[in-house]
Amino acid sequence: MINSLFLINPSGEIFLEKHWKSVVSRSVCDYFLEAKEKALEPEDVPPVIHTPHHYLISIYRDKLFFLSVIQTEVPPLFVIEFLHRVAEMIQDYFGECSETVVKDHMVMVYELLEEMLDNGFPLATESNVLKEMIRPPTILRSVVNTLTGTSNVGDTFPTGQLSTIPWRRAGVRYTNNEAYFDVVEEIDAILDQSGTTVFAEIQGVVEACVKLSGMPDLTLSFMNPRLLDDVSFHPCVRYKLWESERVLSFIPPDGNFTLMTYHVNAQNLVAIPVYVKQSISFFECGSDGRLDVTVGPKQTMGKTVEGVMVTVHLPKTILSINLTATQGSYTYDNGTKLLVWDIGKLNPQKLPNLRGSLSLQAGAPKPEENPSLNIDLNIQQLAISGLKVNRLDMFGEKYKPFKGVKYITKAGKFQVRT
Amino acid sequence: MTPMQKLLQLPVNAMNMVKTAQDQMGQQDEAKSPVMTPDGGNHNWYNGEPNDPRHIRFGSGGGDQEERAHLEEGGGSLSSLVTQPLRHDDLKEMLDSNKDSLKLEAMKRIVAMIARGKNASDLFPAVVKNVACKNIEVKKLVYVYLVRYAEEQQDLALLSISTFQRGLKDPNQLIRASALRVLSSIRVTIIVPIMMLAIKEAASDMSPYVRKTAAHAIPKLYSLDPEQKDCLIEVIEKLLADKTTLVAGSVVMAFEEVCPERIDLIHKNYRKLCNLLIDVEEWGQVVIINMLTRYARTQFLNPNMNESLLEEGGGEKAFYGSDNDDDTDDEEDKEEKEKKKTEATAIVKRKPYVMDPDHRLLLRNTKPLLQSRNAAVVMAVAQLYFHLAPKAEVGVIAKALVRLMRSHSEVQYVVLQNVATMSIKRRGMFEPYLKSFYIRSTDPTQIKVLKLEVLTNLANETNISTILREFQTYIKSNDKDFVAATIQAIGRCATNIGEVRDTCLNGLVQLLSNRDELVVAESVVVIKKLLQMQPEQHSDIIKHMAKLTDNIQVPMARASILWLIGEYCEHVPKIAPDVLRKMAKTFTNEEDIVKLQIINLAAKLYLTNSKQTKLLTQYVLNLAKYDQNYDIRDRARFIRQLIVPTDKSGALSKYAKKLFLALKPAPVLESPFKDRDHFQLGSLSHLLNAKAGGYQVLPDWPEAAPDPSVRNVEVKESVPEWTKCSSREKRKEKKADKPFYSDSEGESGPTESADSASDTASGSESGSGSEESGSGSESEESNEESESASEEDEEEEGKKKKKNVEKIKARKPVPESESEPSSGEEVKKSEKKSKPRIGSSESESEEDDDSESESSESEEESEEESEEETKKKKKTTASKPPSKPPKKENKKEKKEMSLLDFDDFDPAPSPSQVTPLNNFLSSSLVTDLEGLSLTDNVLSPTTIVPSGNLKTYELLHRITGEGLSVEYCFSRQPFSPDLHMVAVKIQFTNSATSEAKSLHVEDAKLQSGMRIKEFPEIEVLPAGETVSVVMGIDFCDSTQAANFQLCTHTRKFFVSIQPPVGELMMPIFMTENEFKKEQETLLQSLGQLMGMNEITEKLTLEEKCQGEHAVVQRVTTAANLSRVPCGSDKECSPPVPPPPFPIHRFAGKTVTSGSLVLVSVVTKEDGAAQLTVNCEKMVIGTMLVKDILQALTQ
């Protein structure tokens, strides 16, 4: 399956390599680097590259390329999914996934990779299992380690592989038993010039942070599970029970995990929390243009819209801009032509407005397309679809856990065409 | 090395070590160092300084930084080469020290070097010594090192082997596994025999984890020495039989790498793999699903083979098939058509396709995995459905695939590629999700282009306007590659959909005035293709394009315009020569491709309009004659010979006009993804559209299915002792018995059943609903409230019931192994259950008093039941043929009780049936039951009113209903207000703390023709109470679900009732002669269009169901039919060959239309049997066959 893995930074330096079968020379990466040169953006590098003897499957994530080398037929998604799992694991262990972090923890990353694959076939990819074999670094531990000269490799062999629940480590103990669930919904929408919704849907995710002792068996039920149109689950969720009773029943992994993701039935009209009035125009004669954007609350269910941010990729021919914002502040990077207007909280009484002039490079033609606006926002304490957690029950353990549910609505890929 | 240098080195080292917290150790090292650095470079002193302090300072994590810093200092390969041996000296020293911390530090630095791709091979001797190190951390790192370098240093690597061999015997399973893992990872040929031994041993290890490691080791060994294949296959075979989920994925992986062609190894494990699948870890799932896809393609028949046959009332088609073969031009039919031709005679007897139960098992068990979080698993299931599922069921994957589109862009990329291929074959599947493929300006270009591809594939007459409007937005994009792709897409839409061709063309013509040249060029190319389809109507466009030649510079576009003008020069007779004139002027400066087209244009004009263009043509040809490009010179020479008549010119010139002005077929604009599905979807080969190494071709469906019995497992396995599942199981029992059932059903694989419609016993047609109802279908609870009192002869029924009970009692003492105690339990249980019902007036609420006790009860119950269920399936074969399996009897018995007390406990029975009895009587009856004793004469040749257990289905769960739970069953009684309706009994249980008010039905959303007779509103349902009502539904003889809202005073719930096909009919009484006569008529009418259909199916009855009783019982359970009495089969079965086999006949008619439904089952020796269903309604007939088949074979 997966022969080798190379980690490559945006400038093309290979800073980590790991081979699970015979060593593949790193010169194989040249094909990839070539493709990378050709691509305008890192995202445009084709994920699968065919070289004379190998296939290169890569992902771009957190400004790093994870490049795997394979020799024979294997489902590409298998590899891609695994590479993302590696990135998530690094993130999970060290708090972020970046070149510096990997370089700082080279040995540990290498050991993790060793555990995750055997002969190129995934062996242990569950965070709980891995953490039992290789303990993640903490500040305290790293101090202790420097003093005593020990490292993070587990002293004893793990038992996780053998526990009946592969995703949960055994013998978890907490003094405060708590389980938190965040219901995060994202609105994906495309609005056209007139503000009409071209496409809108709600995607949600239930993120869990469960710190419960022993082997708790949880059941989470919703007030209105019918809203959920399409769902995908963490492997711990018992699918049959969901099918028959629409409840989530599971023995959770320890710590943070994504319990489920869902899609809200498209027939229910999606409430768009904000409207955007915009006019961006360029004048045919003279190298000039105007921009006028106003954002206002629409269907907010009585909550305040916060963290509103408007991002615009201005045309390349823009020379400079001169805008004034009635609320918040804007930043403009002339190199990337990226205009970011950070509005903050939306006040229905006084609508924030950004207006001003854009000047084009002399002689440049009027841009063909007006840039589209990407909106960012969040609304606390509201799941825009109306989904509500009904209750959370725990079986199998005696203690009384502390339970909490939080709702957040965010803008996902929320785009206004102009 | 001079003494001086050594001297110098000493203080440096000493100084460094002092700085550490480990002086003493340092001293030792220092003392050793000169000795241990025989080959130490001259630069020791020079490099040691920056080196050592650093590593000490940075501790564990710092090793890397130090390395990096060092690299930078080195400033190039030369100096780092020089310094390397030196640095390694320190490492060697540290490795040789007897302090673990130093060893660890050294190993860390070495591993960091390996990770960075630096060569650390010269440290091998020093490292390998530590393989036996006590410290686990050091050991692990040494293993890492060994695996990396053993191949290069084979001889030295052998030193470590004995350590692993020792490890293989360790009592700790994890140490055994780890030893095997490293041993097998060392790619040293000489140890192949050792590895082989180790693998064999580990394959029979107690610990599943070690066996998993063994499975992983198999491909390693295979790649090292392919000659071991035969031995390895033996091991694989052994491991395939393993029943743990932990092993399954890994061994199938090994199978795929070592012997993917040995499909025969899978037979015996097929059902087990299907059943284990959901609990295997994600990665294993992917591998298993892919393998099973291939397997299924070799073992089962194409489910879409007959679909046209079924859809179009296939009966007739089959009859006439031989006559009008050629009319069937449906593509799906082709295969079939060929068959038809070859066996035209046999065609009449052709049976409709019935899916192999194993095929169904696979489809059903993979479906839940569409909900996996792992994109690879979802994709694997999607391709499985695409390649294996009946057309009607493939749709379920669309939603899941669309969901993946939310994932990372790489995932999107792969998924879109596959969706593009699928959307060509099955457009309808993705149409509802059209908008999900809309493009955002922030998508990467490659994603945009793929989305565009999908959008184009999805375009049809109805949605084209929306799509074109989207395309309009895209054309304005700044991403020019994307714009070009959009223009191509518009062109394709225009060719595919005639209605919008003109609109598209106009749009494209407008683009010709676009400022961007690339856009214009692309448009020209596309317009050229479009015009070729209907040139005569568009001469103005051609004129317009001719004008463009002045401005447009893109060669491809220029060439296209010239070709167009040349091709259609008669449409633009004035302009064409002028264009040629201009072109002649610029000829020398044109690109080659344009030049060629200029020559073409000249030739064509010369042929049509030689007066005006003769000179120009000569001029152009002369220019071309001296062109640098030989293609152009050749072309010019060739054309000159062809068109200019000379004395020498050959015969060809006569045909010049025909040659040049022949009508050219319009190009077909088709998707690059067309026919990509000959590669297995989701595979790398599919993505690259080229066969990747190691790709296993997806075989075509076989013409005839290989023997399905190869999958039968002799020893029917008990519930597998897998790990993850056990916990799930437990839970399920605790929570609800219904899902458990569906599970256990799944596990008992071998007896799995029939076809799409009937696999879930409810007979509900595919869709999401089926799962639910299916899971509930076998639930015992149903019996609790099964009202199905017989209609006409209730009294007789009652008697029979008593007999039944008696029979059980009588049987009790018979030593019948497992079945006996369980039946006893059942009796008790049924008593227990019946009590609260009986005393309903006093203690009705008892059972609902507190939900907990109830649930615990149900838990017990389910456990027993499940046990019993499995036992029933596996062990009751012992019971003699005429006697029914004990469970069935129990059901009967319970049923009877409910029959008896039906009347007083149905609070809202349909008016016709109310004949109040007093409680006293019925409760005493129950006690009486135990003492009753009658002869076993259940199957008297009289009309048997179906007495099968009634299945209860859940309408509203307690949780979703906020305390209100609703269940329904088909009571099988005539619904007196309207006899064309099916009576559905609905039972409300209020387990909430407050009372529910005004329960009623509202807002029924029904298929056309369907009707509902609502039950009278229930005013109030106090907390903890249960109430039952009957409503009537006219299903119009279809299994479409009836959807409506169930309202309380506060809430509304959407619910739906879906009838199994067997409930859509009611029994009618018929004598045997009548039955035969009816059957005769239909046999005669076979050739007629309106004839009744006959479907015959051969089946094998299992031992336990060979008895007459069992057959009758099962058929009447599956369908609401009545038995046709026939005193003794012997006297009344002339058509059947010599030794008269018993025939069981059943008759009924559909509720709505009253069409006859005749079922006969002929049992022959050895459990062979033949099932015949005659019904005018083709669909009902086929579905009924499946249901009964399932009922009989389970």
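Predicted model only: the values in this text are computed from it and were never measured.

**Points about the overall build of chain B**
Here is step 1: Within chain B, the secondary structure is distributed over 50 helices and 15 strands.
Here is step 2: For chain B, buried positions account for 61% of its 1194 residues.
Here is step 3: Taking as baseline every contact in chain B between residues at least 6 positions apart, the subset at least 24 positions apart corresponds to 70%.

**Examining unusual backbone geometry**
A negative phi angle is the norm for most residues apart from glycine, just as the trans form is the norm for most peptide bonds.
Residue and element names in this part refer to chain A.
Here is step 1: Look at Lys337: it is not a glycine, yet its phi comes out positive at around 60°.
Here is step 2: In this fold, Lys337 is placed in the loop between strand E18 (329-333) and strand E19 (338-344).
Here is step 3: Even without glycine at this site, Gln381 takes up a positive phi of about 60°.
Here is step 4: Its location among the elements puts Gln381 in the loop between strand E21 (373-380) and strand E22 (389-395).

**Thoughts on the interface of chain B and chain A**
Here is step 1: Listed per partner, the contact involves 117 residues of chain B and 119 residues of chain A.
Here is step 2: Here chain B packs against chain A, burying approximately 10,500 Å² in sum over the two surfaces, 56% of which is carbon and sulfur.
Here is step 3: Looking at the side of chain B facing chain A, the largest losses of area belong to Trp283(B), Arg406(B) and Arg440(B), adding up to 8% of the total buried there.
Here is step 4: Here Glu186(A) and Arg406(B) are joined by a salt bridge, their closest N and O atoms 3.0 Å apart.
Here is step 5: Applying the counting criterion to the chain B and chain A interface returns 40 residue pairs in polar contact (both at pLDDT 80 or more).
Here is step 6: With eight residues, the single largest contributor to the side of chain B that touches chain A is helix H5 (residues 100-116) of chain B.

**Description of the pairing of strand E13 (residues 1143-1150) of chain B**
All names here are of chain B.
Here is step 1: The element E13 is largely enclosed, with a buried count of seven among its eight residues.
Here is step 2: In this sheet, E13 lies alongside strand E12 (residues 1122-1123) in antiparallel orientation, the contact comprising two bridges. Opposite Ser1122, over in E13, you have Ala1147 as the bridge partner.
Here is step 3: Pairing of E13 with strand E14 (residues 1156-1163), which is carried by seven bridges, proceeds in the antiparallel orientation. Across the sheet, the residue bridging to Phe1146 is Val1159, located in E14.
Here is step 4: Turn length for the E13-E14 hairpin, with the two strands adjacent in sequence and antiparallel, is five residues, and the turn residue Gly1154 shows positive phi of about 70°.

**Notes on the sheet that holds strand E6 (residues 1018-1021) of chain B**
Residue and element names in this part refer to chain B.
Here is step 1: The antiparallel open sheet is built from four strands, whose spatial order is E6-E4-E8-E9. The outermost strands of the open sheet, each flanked by one partner alone, are E6 and strand E9 (1052-1057). Between one strand axis and the next, the sheet turns by 35° as a mean value, whatever way the strands run.
Here is step 2: Note that strand E8 (residues 1042-1047) and E9 share six bridges and pair antiparallel. Pairing of Phe1044 across the sheet is with Val1055, part of E9.

**Thoughts on helix H50 (residues 1178-1193) of chain B**
Here is step 1: An ideal rise of 1.5 Å per residue puts 22 Å on 16 residues; H50(B) measures up with 22 Å between its terminal C-alpha atoms.
Here is step 2: The buried fraction of H50(B) is high, at 14 of 16 residues.

**A short note on the side chain of His359(B)**
All names here are of chain B.
Here is step 1: For His359, the location among the structural elements is in helix H19 (residues 357-366).
Here is step 2: Looking at His359, the relative accessible area reads 0%, which means it is buried.
Here is step 3: Those residues in contact with His359 that sit more than four places away from it in its chain are Tyr270, Phe300, Leu301, Pro303, Tyr353, Leu388 and Trp701.

**Remarks on the confidence of the model for chain A**
Here is step 1: Overall, the prediction assigns chain A a mean pLDDT of 85, with 92% of residues at 70 or greater.
Here is step 2: Note that residues 157-161 of chain A has pLDDT below 50 and, in this model, 16 contacts with residues that lie over four places away or in other chains.

**Focus on the packing of aromatic side chains**
Residue and element names in this part refer to chain B.
Here is step 1: Tallying each qualifying case throughout the model produces 24 aromatic pairs over all chains.
Here is step 2: Considering the side-chain rings of Phe124 and Tyr145, the 5.8 Å spacing of their centres and the 50° angle between planes classify their relative orientation as tilted. With Phe124 in helix H6 (residues 124-128) and Tyr145 in helix H7 (residues 136-149), this residue pair connects regions lying 21 residues apart in the sequence. Comparing Phe124 with Tyr145 shows no difference in burial state: the two are buried.
Here is step 3: The ring of Tyr149 is capped by Arg148, whose NZ or CZ atom sits 4.5 Å from the centre of that ring.
Here is step 4: The ring of Phe386 has Arg426 sitting right over it, with the charged end atom 5.7 Å from the ring centre.

**Here's the deal with the packing of helix H13 (residues 245-258) of chain B against helix H15 (residues 282-299) of chain B**
All names here are of chain B.
Here is step 1: Contact geometry for H13 and H15: axes closest at 8 Å, N-to-C directions at 50°. With respect to their mutual orientation, H13 and H15 come out oblique. In this structure, H13 meets H15 at a crossing whose hand is left-handed. Only Gly284, Val287, Ile288, Met291 and Arg294 of H15 make contact with H13, whose side of the interface consists of Ala248, Gly249, Val252, Met253, Phe255 and Glu256.
Here is step 2: The residue inventory of the contact of H13 with H15, partitioned by class, reads seven nonpolar, two polar and two charged.

**Considerations on the pattern of salt bridges**
Here is step 1: Applying the stated criterion to the full structure yields 52 salt bridges over all chains.
Here is step 2: For Asp230(A), the salt bridge is made with Arg403(B), and the minimal N-O distance between the two is 2.8 Å. Of the two residues, Asp230(A) is situated in strand E11 (residues 228-233) and Arg403(B) in helix H22 (residues 396-404); the pairing between them involves two chains.
Here is step 3: When its relative accessible area of 4% is taken as the criterion, Asp230(A) is described as buried.
Here is step 4: The class for Arg403(B) is buried, based on a relative accessible area of 12%.
Here is step 5: A salt bridge links Arg355(A) to Asp292(A); the shortest N-O distance between them is 3.9 Å. Of this pair, Arg355(A) sits in strand E20 (residues 353-360) while Asp292(A) sits in strand E15 (residues 288-297); the two residues are 63 residues apart in sequence, bridging distant segments of the chain.
Here is step 6: The network of salt bridges with shared partners includes Lys18(A), Glu114(A), Glu115(A), Asp118(A), Lys140(B), Arg181(B) and Lys220(B).

**Thoughts on the confidence of the model for chain B**
All names here are of chain B.
Here is step 1: Averaged over every residue, the pLDDT of chain B is 70; residues scoring 70 or more account for 66%.
Here is step 2: This stretch, residues 1128-1139, has a pLDDT under 50; its non-local contacts, to residues over four places away or in other chains, come to 15 contacts.
Here is step 3: As scored by the predictor, the complex reaches a pTM of 0.64 and an ipTM of 0.91.

The rules behind each value
- Throughout, residues of each chain are indexed from 1 in the direction in which the sequence is written.
- Following the order in which they are written, the chains are lettered starting with A and the ligands numbered starting with 1.
- Owing to the predicted nature of the model, reporting of local features is limited to residues with pLDDT of at least 70; listing and counting of side-chain atom pairs is limited to 80 or more, with chain, interface and lining totals taken over all residues.
- For side-chain calculations, the full set of non-hydrogen atoms in the structure is used, while hydrogens and water are omitted.
- Put simply, DSSP marks the helices as runs of H or I at least four residues long and the strands as runs of E at least two long, and each gets a number from the N terminus on.
- Throughout this description, buried means an accessible area under 20% of the type-specific maximum (1.4 Å probe, protein chains only), exposed means over 50%, and partly exposed covers the range between.
- Here, two residues are considered to be in contact whenever any of their heavy atoms come within 4.5 Å of each other.
- Two parts placed together each lose some accessible area under a 1.4 Å probe, and the buried area is that loss summed for both.
- Salt bridges are counted wherever a side-chain nitrogen of Lys or Arg sits within 4 Å of a carboxyl oxygen of Asp or Glu.
- Nitrogen and oxygen atoms within 3.5 Å of one another constitute a polar contact, given that in protein one can donate a hydrogen and the other can accept it, and given that sequence-neighbouring residues count only through two side-chain atoms.
- Two strands qualify as a pair provided DSSP detects at least 2 bridges between them.
- For helices, the fitted axis covers only the stretch in contact; all axes are lines through C-alpha atoms, and the angles between them, taken along N-to-C directions, range from 0 to 180 degrees.
- By this rule, a helix spans an expected 1.5 Å times one less than how many residues it contains.
- Confidence scores here are pLDDT values: one per residue, from the predictor, ranging 0 to 100.
- Pairing of aromatic rings covers Phe, Tyr and Trp, the last through its six-membered ring, and needs centres within 6.5 Å; plane angles under 30 degrees mean stacked, over 60 mean edge-to-face, and all others mean tilted.
- The rule is short: NZ of Lys or CZ of Arg within 6 Å of the ring centre and within 35 degrees of the ring normal puts a charge over the ring.
- Here the angle decides the label: under 35 degrees means roughly parallel, over 145 means roughly antiparallel, 65 to 115 means roughly perpendicular, and every other value means oblique.
- Crossing handedness: left-handed means the near helix sits turned counterclockwise from the far one by under a right angle, and right-handed means the same turn made clockwise.
- Throughout this entry, Asp, Glu, Lys and Arg are counted as charged residues, while Ala, Val, Leu, Ile, Met, Phe, Trp, Tyr, Cys and Pro are counted as nonpolar. The remaining residues, Gly among them, count as polar.

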